Amino acid sequence: LARSSTPSHPSASQFHPPHRPNPKMQGYGKDLPDALLPYKNKLTPRFFEIREKVLEFVQNVVNPALPTYAAQAKELLKTVDHPTKCPEPPILNDLRAQAKARGIMNL
């Protein structure tokens, strides 16, 4: 039997494509995603306030940190024999601290 030049199983990069924020992704703008429209009249002003904080945090803090996260994760993966044994990239602690400082931790 001839062997295929392509691997029989996908590589890690095929499981986890690079993070590229999609500014047109539904739910990231001021408009509500379609799934929430039936509840629009039941959502409180507090919901919209927190949603705005979370969206701002994701857009201005998390998305810019994704390349750092990817680089740190790549380096940490070199230190273990299996991806499930990989420790969290250090930038996650910074992101958690920033979320907590903004009052949006554990949402």
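Considering the overall build of the protein
Line of reasoning, step 1. Along its length, the protein carries 3 helices and 0 strands.
Line of reasoning, step 2. Listing the helices and strands of the protein from first to last along the sequence gives α-α-α.
Line of reasoning, step 3. Out of the 107 residues belonging to the protein, those deemed buried represent 17%.
Line of reasoning, step 4. Taking all contacts inside the protein whose residues are at least 6 apart in sequence as the whole, residues at least 24 apart take part in 39%.
Line of reasoning, step 5. Just so you have it, the protein exposes about 8900 Å², and 58% of that area is on carbon and sulfur atoms.

Points about the pattern of salt bridges
Line of reasoning, step 1. Here the structure, examined in full by the defined rule, presents 5 salt bridges.
Line of reasoning, step 2. We note a salt bridge from Glu56 to Arg102, for which the minimum N-O separation is 2.5 Å. Of the two residues, Glu56 sits in helix H2 (residues 45-77) while Arg102 sits in the segment after helix H3 (91-101), which places them 46 residues apart along the sequence.
Line of reasoning, step 3. Judged by relative accessible area, Arg102 falls into the partly exposed class, the value being 31%.
Line of reasoning, step 4. Here Glu75 makes a salt bridge to Lys78, at a shortest N to O gap of 3.0 Å.
Line of reasoning, step 5. Lys78 gets classed as exposed once you look at its relative accessible area, which sits at 59%.

With respect to H2
Line of reasoning, step 1. The largest bend in H2 is about 40 degrees, located at Leu66, with the proline Pro67 one to four residues further on.
Line of reasoning, step 2. Turning to H2, its buried residues are Ile50, Arg51, Leu55, Phe57, Val58, Val61, Ala65, Leu66, Ala73 and Leu76.
Line of reasoning, step 3. Taken together, the buried residues of H2 touch H3.

Rules used in this analysis
- For every chain, the first residue of the written sequence is number 1, and numbering continues from 1 along that sequence.
- With pLDDT at 70 or above as the cut-off, local features in this predicted model cover only qualifying residues; side-chain atom pairs require 80 or more to be listed or tallied, and sums for whole chains, interfaces and linings still use all residues.
- Just so you know, side-chain values use all the structure's heavy atoms and leave hydrogens and water out.
- Each helix is a run of H or I in the DSSP string that is no shorter than four residues. Each strand is a run of E no shorter than two, and both are numbered from the N terminus.
- The classification of residues rests on relative accessible area computed with a 1.4 Å probe and restricted to protein chains. Under 20% of the type maximum is buried, over 50% is exposed, and intermediate values are partly exposed.
- Here, residues are in contact when the closest pair of their heavy atoms is within 4.5 Å.
- Here the Shrake-Rupley method, with its probe set to 1.4 Å, supplies the accessible areas, and only the displayed protein chains count as covering residues.
- The term salt bridge refers to a side-chain nitrogen of Lys or Arg lying within 4 Å of a carboxyl oxygen of Asp or Glu.
- At any given residue, the bend is defined as the angle formed between two axes, one fitted to the seven residues that end at that position and one fitted to the seven that begin there.

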